[in-house]
Structures are given as C-alpha cells and as structure tokens.
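Next come the chains, spelled out residue by residue.
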Amino acid sequence: MSNDMYSVEQVADLLGLHVRTVRGYIRSGRLRASRIGKQYRIARADLDALTGRPAAAASAPGAEVSSVVRLDGVDRAAVDRLATLVLAGVNTHHDPDRPLRVQTVHDEERHRMTIVILGDLTATADLLRLLDGVLDGGNGLLGGGERGRD
C-alpha cells in the first residue's frame, strides 16, 4: 500500500475516531473511499478534504512567473491611476488558490513607476495585456510624459 492510501483503521487512528464512525462517514458520502475487495481505502486527498486541510503542494503542478514593468515619465496622479487599475485587474483574477501578487513602487525623483508581478502564467499574461492596452491606448494615463518599458 502506498503512503497516499489509508485503511479505515488508519484513518480512525489519525482522526481519533472509532472505526464505525469512519465507516459511517464513508457510507453517508461524507468521506470518499475506494472499495478493494471487502476493505475500503481512503486517498490522502479525500482525507484532506474531510478535515479541511489544503492539498499537498507537491500534488498541484504549476508554473509561476515573475515580471517587472518599469515606466518612465510617470507623475504621481498617473501612478495612482495605474496602481488602481492594476489592483482591479488582480482582484478580478479567477483562481483564488493561486493568487496574483503585485507590488507597485513610485520613484518621484526619477518620475519612474515599477510594477512587480508574481503569479501563474495566464493571470500574469492577462494583467500584462491589460497594462499594455491602457498604456498604448493613448488615454493620457501617464500625464503626457515619456514612458519606457523594460
């Protein structure tokens, strides 16, 4: 038996429950189990779902990307508008299990804004497309100054 499958007795010991209680959970559908012959086996993910523990990180494959966007010629008002736009884009991200993390920094002396984005590939690409559309859209968001992106 692999470490990812438990017997009813093992689950009962882990949870401090009687074996009959665990079997009752299985019969009622509260705990998913696979029947192998006359015995039940409970997968670690199903046990975690019952107890409310998050699934193991190793079982959730994925990629994370980091991006840095630097904008030159940005005044304080434009920084505020862009930061609000970026936060709105982050808050509409559709996967709460893999949040998008964003940090904005404004260097007033150099009139430069830096946006650091950490997150999954799709959400980061969506946010970068949103920024590109706003910056290239000619909306006057940057206060008329020059901008540069690295």
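For every chain, the first residue of the written sequence is number 1, and numbering continues from 1 onward in sequence order. Residue-level local features of this predicted model are given only where pLDDT is at least 70; pairs of side-chain atoms are given and counted only at 80 or more, and the full residue set underlies all totals for whole chains, interfaces and linings. The basis for every side-chain value is the complete set of heavy atoms in the structure, and neither hydrogens nor water enter the calculation.

1. Notes on the pattern of salt bridges
For the record, the criterion: Counted as salt bridges are all cases of a side-chain nitrogen of Lys or Arg within 4 Å of a carboxyl oxygen of Asp or Glu. Every helix listed is a DSSP run of H or I at least four residues long, and every strand listed is a run of E at least two residues long, numbered separately from the N terminus.
Within the structure shown, the criterion is met by eight salt bridges. Here arginine 23 ties to glutamate 9 by a salt bridge, and the two come within 3.6 Å at their closest N and O atoms. Taken together, the positions of arginine 23 in helix H2 (residues 19-28) and glutamate 9 in helix H1 (residues 8-15) put the pair 14 residues apart, joining distant regions of the chain. For arginine 101, the salt bridge is made with glutamate 64, and the minimal N-O distance between the two is 2.6 Å. A residue pair is termed long-range when its members are at least 10 positions apart, and arginine 101 in strand E5 (residues 101-107) and glutamate 64 in strand E4 (residues 64-72) qualify at 37 residues. By sharing partners, the salt bridges in this structure join Arg70, Asp72 and Arg112 into a single network.

2. A look at the pairing of E5
Counted only if it meets this: Strands qualify as paired when DSSP identifies two bridges or more between them.
Bridge count for E5 against strand E6 (residues 112-120) is seven bridges, and the pairing is antiparallel. Bridge assignment links arginine 101 to a residue of E6, and that residue is leucine 118. Hairpin connection between E5 and E6: a loop of four residues separates the two successive antiparallel strands, and histidine 111 in this loop has a positive phi of roughly 55 degrees.

3. As for the confidence of the model for the protein chain
Heads up, the rule is: Across the chain, each position has a pLDDT score giving the predictor's confidence in that residue, from 0 to 100.
Taken residue by residue, the protein chain gives an average pLDDT of 81. The fraction at 70 or more is 80%. Confidence, expressed as mean pLDDT per element, reaches its minimum in the protein chain at helix H5 (residues 121-136) with 85 and its maximum at H2 with 93.

4. Thoughts on H5
Quick reminder of the rule: To estimate how far a helix should extend, the number of its residues minus one is multiplied by 1.5 Å. The buried label applies to any residue whose accessible area, calculated with a 1.4 Å probe on protein chains only, is under 20% of its type's maximum; exposed applies above 50%, and partly exposed to all values in between. In this context, the arc is that of the directions from the helix axis out to the C-beta atoms. In what follows, residue pairs with any heavy atoms lying within 4.5 Å of each other are defined as contacts.
With 16 residues, H5 extends 22 Å between its outermost C-alpha atoms, agreeing within 8% with the 22 Å of an ideal straight helix rising 1.5 Å per residue. Buried within H5 are the following residues: Ala123, Thr124, Leu127, Leu131, Val134 and Leu135. What you see down the axis of H5 is that its buried residues fit within an arc of 100 degrees, all on one side. Relative to its buried face, H5 has exposed residues pointing more than 90 degrees away, namely Leu121 and Arg129. Taken together, the buried residues of H5 touch E4, helix H4 (76-91), E5 and E6.

5. What about the packing of H1 against helix H3 (residues 44-51)?
Note the threshold: Fitted lines through C-alpha atoms serve as axes, helices being fitted only where they are in contact, and the angles separating the N-to-C directions of these axes extend from 0 to 180 degrees. Helix crossings fall into two classes, left-handed where the near helix is turned counterclockwise from the far one by less than a right angle and right-handed where it is turned clockwise. Under the scheme applied, nonpolar residues are Ala, Val, Leu, Ile, Met, Phe, Trp, Tyr, Cys and Pro; charged residues are Asp, Glu, Lys and Arg; polar residues are all the others, including Gly.
Their axes nearest at 12 Å, the elements H1 and H3 cross at an angle of 35 degrees. For the element pair H1 and H3, the recorded crossing hand is right-handed. Contact residues: Val11, Leu14 and Leu15 in H1; Leu47, Leu50 and Thr51 in H3. Tallied by class, residues from the contact of H1 with H3 come to five nonpolar, one polar and no charged.

6. Quick notes on the packing of aromatic side chains
Our working rule: Here is the rule: rings of Phe, Tyr and Trp (six-membered ring for Trp) pair when centre to centre is within 6.5 Å. Planes less than 30 degrees apart are stacked, more than 60 are edge-to-face, and the remainder are tilted. For a ring to carry a charge above it, either NZ of a lysine or CZ of an arginine must fall within 6 Å of the ring centroid while also lying within 35 degrees of the normal to the ring plane.
A complete count under the given rule lists zero aromatic pairs for this structure. The cationic tip of arginine 30 hangs over the ring face of tyrosine 25; the distance from NZ or CZ to the ring centre is 4.3 Å. The ring of tyrosine 40 has arginine 35 sitting right over it, with the charged end atom 5.0 Å from the ring centre.

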